[in-house]
Amino acid sequence: MGLEAKISVLPYYEIKHPEISRIRVFPTPEEAAQAAAEEIIGVVRVNPQAAITYATGDTVIPLYENLARAVKEGRVDFSETSGFHLDEYYPCGPDINEYPHGFVAYLRQRVFTPLGIKNANEMNGLAPEGEAEAKRYDSLLSAQPIEIAILGIGPWSAETQTGCHIAFNESGTPFSEKVHVQTLDPVTLMRDRQERGQDSPERALTQGVANILEARRIFLLAYGEKKGQSLREALFGEIGPQRPASALRLQGQKVTLFIDEAAASQFGKL
Ligand code: GLP
């Protein structure tokens, strides 16, 4: 059996949107993650030196598992690609025992090591001057075109009318921002501390919306009703800094959403 023959055809439908070119809806998160993985694999096969920005978080774990499996099976080679961070708590170090919430540790464990990425560009969450580290990272990013930016989306609060971050760009952050130090929104802090039991900082280093929009392709993954509510704000609410993910509509021709039916079920209730 040829390698391609192993790939099953995934069921999905598309939702039409005035700005976002592709909103692909799958029955389950597993199928959405598999489809996103196949698209990324396709891009890397065509461009083995692709620079890719990797989100962290729970949503993208099945995606990275699919990519790691494909590498193990010899279906794709990431060794010549470059990996970039989307964001990192600040201050935060790579030692998982000291910083269990840290994104460097996450990316090493789930992405850089299993995919065999040699050129991993890590944000230094222990840099003494956050803004200087942001500048350093911004010049790394600007040095080459980003082929794919992989994103998740943050929670939205109807009460505070804030949320739906991409990377750690919180409500009120201008779309023109590049890599910067971000003070986290109370909605994010509540998620981190109450829902996740994390003792994580109130600030973060993050790629800005401007960096994200420069990528050639933007893939956003979101599953479940809560993420659906957040996406509904981003897709159908007012475009502006109050809803950072709404910025994707300004470059919608580059954007593909991989979502599940539970997330899509929230779009009708605007
Ligand atoms: C995190 C990160 C983002 C991520 C988002 C969603 O805190 N700042 O990079 O995409 O919030 O995370 P999750 O998938 O765990 O819900």
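Computed from a predicted structure; not experimentally measured.

Caption draft 1: The arrangement of the packing of helix 1 (residues 29-46) against helix 2 (residues 61-72) in detail. Axis separation between helix 1 and helix 2 bottoms out at 8 Å; the angle between their running directions is 50°. It follows from the interaxial angle that helix 1 and helix 2 lie oblique. Of the two possible hands of crossing, helix 1 and helix 2 adopt the one that is right-handed. Seen from helix 1, the contacting residues are A33, Q34, A36, A37, I40 and I41; seen from helix 2, they are P62, L63, N66, L67 and A70.

Caption draft 2: Examining the confidence of the model for the protein more closely. Residues with a pLDDT of 70 or more make up 96% of the protein, whose mean pLDDT is 96. Within the protein, strand 7 (residues 148-151) carries the highest mean pLDDT (99), whereas helix 5 (residues 186-195) carries the lowest (95).

Caption draft 3: Spatial organisation of the pattern of salt bridges. Tallied over the entire structure, the rule returns 15 salt bridges. When the shortest N-O distance is used, the salt bridge between D58 and R196 registers 3.8 Å. Of this pair, D58 sits in the loop between strand 3 (51-54) and helix 2 while R196 sits in the loop between helix 5 and strand 11 (203-206), and the two are 138 residues apart along the sequence. The exposed category is assigned to D58, whose relative accessible area is 53%. When its relative accessible area of 36% is taken as the criterion, R196 is described as partly exposed.

Caption draft 4: Focus on the environment of A222. With respect to the helices and strands, the residue A222 is situated in strand 12 (residues 217-222). Take A222: its relative accessible area is 0%, and that puts it in the buried class. Separated by 36 residues in sequence, A222 and F258 place their C-alpha atoms 6.7 Å apart. Each residue touching A222, except ones within four places of it in the same chain, is listed here: T59, I153, K227, L231, F258, I259, D260 and A263.

Caption draft 5: Up close: the layout of surface pockets. The calculated volume of the largest pocket comes to roughly 440 Å³. Around the largest pocket, the lining is made up of 28 residues, and of these T56, G57, D58, F103 and R196 lie nearest the centre. Mapped onto the lining of the largest pocket, the elements with two or more residues apiece are strand 5 (87-90) and helix 3 (103-112). Per-element accounting of the lining of the largest pocket gives the leading share, five residues, to helix 3. Within the lining of the largest pocket, the residues separate by chemical class into twelve nonpolar, ten polar and six charged.

Caption draft 6: Just the pairing of strand 4 (residues 82-85), in detail. Residue alternation in strand 4 divides its side chains into two sets, S82 and F84 and G83 and H85, and both sets are buried. Since strand 3 and strand 4 lie parallel, the crossover through helix 2 that links them has a hand, and here it is right-handed. Bridging between strand 4 and strand 6 (residues 119-121) involves three bridges; their strand directions are parallel. Across the sheet, residue S82 finds its bridge partner in strand 6, namely N119.

Caption draft 7: View of the site of the ligand. Of all residues adjacent to the ligand, which total 14 residues, the nearest are D58, T59, D87, R191 and K227. With respect to the ligand, the backbone of G152 contributes an N or O atom lying 3.3 Å from an oxygen atom. A167 is positioned with one of its backbone polar atoms (N or O) 3.4 Å from a nitrogen atom of the ligand. When the free accessible area of the ligand is taken as 400 Å², the share hidden by the protein chains comes to 97%. The pocket occupied by the ligand, as judged from atoms lying within 2 Å of grid points, is the largest pocket. Here the shell around the ligand is built from residues that sort into four nonpolar, five polar and five charged.

Caption draft 8: Inspection of the sheet that holds strand 4 at higher detail. The mixed open sheet is built from eight strands, whose spatial order is 1-2-13-12-7-3-4-6. Each edge of the open sheet is held by one strand with a lone partner, namely strand 1 (13-14) and strand 6. Across the sheet, helix 3 is in contact with strand 3, strand 4 and strand 6; its angle to strand 4 comes to roughly 150°.

Caption draft 9: Seen up close, unusual backbone geometry. Each neighbour pair has its own omega, and for Y90 with P91 the value is 0°, a cis peptide bond. As for its position among the elements, P91 is in the loop between strand 5 and helix 3. The residue A167 is not glycine, and still its phi comes out positive at about 50°. Position of A167 among the secondary structure elements: in the loop between strand 9 (162-163) and strand 10 (180-183).

Rules of the game
What you see as residue numbers is a count from 1 along each chain, following the sequence as written. In keeping with the model being predicted, local features are shown solely for residues with a pLDDT of at least 70 and side-chain atom pairs are shown and tallied solely at 80 or more, while totals for entire chains, interfaces and linings include all residues. With hydrogens and water excluded, all non-hydrogen atoms of the structure serve as input to the side-chain values. Orientation is described by axes fitted as lines to C-alpha atoms, over the contacting stretch for helices, and by angles from 0 to 180 degrees between their N-to-C directions. Only DSSP runs of H or I reaching four residues or more are called helices, and only runs of E reaching two or more are called strands; each is numbered from the N terminus. Geometric relationships in this document are graded by angle, where less than 35 degrees denotes roughly parallel, more than 145 denotes roughly antiparallel, 65 to 115 denotes roughly perpendicular, and other angles denote oblique. Working rule for handedness: look at the near helix, and if it is turned counterclockwise from the far one by less than a right angle, call the crossing left-handed; if clockwise, right-handed. Any two residues having at least one pair of non-hydrogen atoms within 4.5 Å are treated as being in contact. In predicted models, pLDDT denotes the confidence assigned by the predictor to each residue on a 0 to 100 scale. The term salt bridge refers to a side-chain nitrogen of Lys or Arg lying within 4 Å of a carboxyl oxygen of Asp or Glu. Partly exposed describes any residue whose relative accessible area lies between the buried limit of under 20% and the exposed limit of over 50%, with all areas from a 1.4 Å probe on protein chains only and scaled to the type maximum. Residues are said to line a cavity or pocket when one of their atoms sits within 4 Å of a point; the points come from a 1 Å grid over protein atoms alone, cavities being sets where a 1.4 Å probe fits but cannot get out and pockets being open sets with protein on both sides within 12 Å along at least five of seven lines. Grid points are joined across faces, edges and corners, and a volume is the space filled by probe spheres set on the points. When residue character is reported, Ala, Val, Leu, Ile, Met, Phe, Trp, Tyr, Cys and Pro are called nonpolar, Asp, Glu, Lys and Arg charged, and the others, Gly included, polar. Throughout, right-handed denotes a crossover for which the path from the first strand over the helix to the second runs clockwise when the strands point away from the viewer. When DSSP finds two or more bridges between a pair of strands, those strands are recorded as paired. By convention in these notes, a residue is near a molecule or strand provided one of its non-hydrogen atoms lies within 4 Å of it. Whenever a nitrogen or oxygen atom comes within 3.5 Å of another N or O atom, the pair is scored as a polar contact, on the condition that within protein one atom can donate a hydrogen and the other can accept it, and that pairs from neighbouring residues in sequence are kept only if both atoms are in side chains. Every accessible area reported is derived by Shrake-Rupley at a probe size of 1.4 Å, with residue values counting cover from the shown protein chains alone. A molecule is said to be in a cavity or pocket once over half of its atoms fall within 2 Å of that pocket's grid points.

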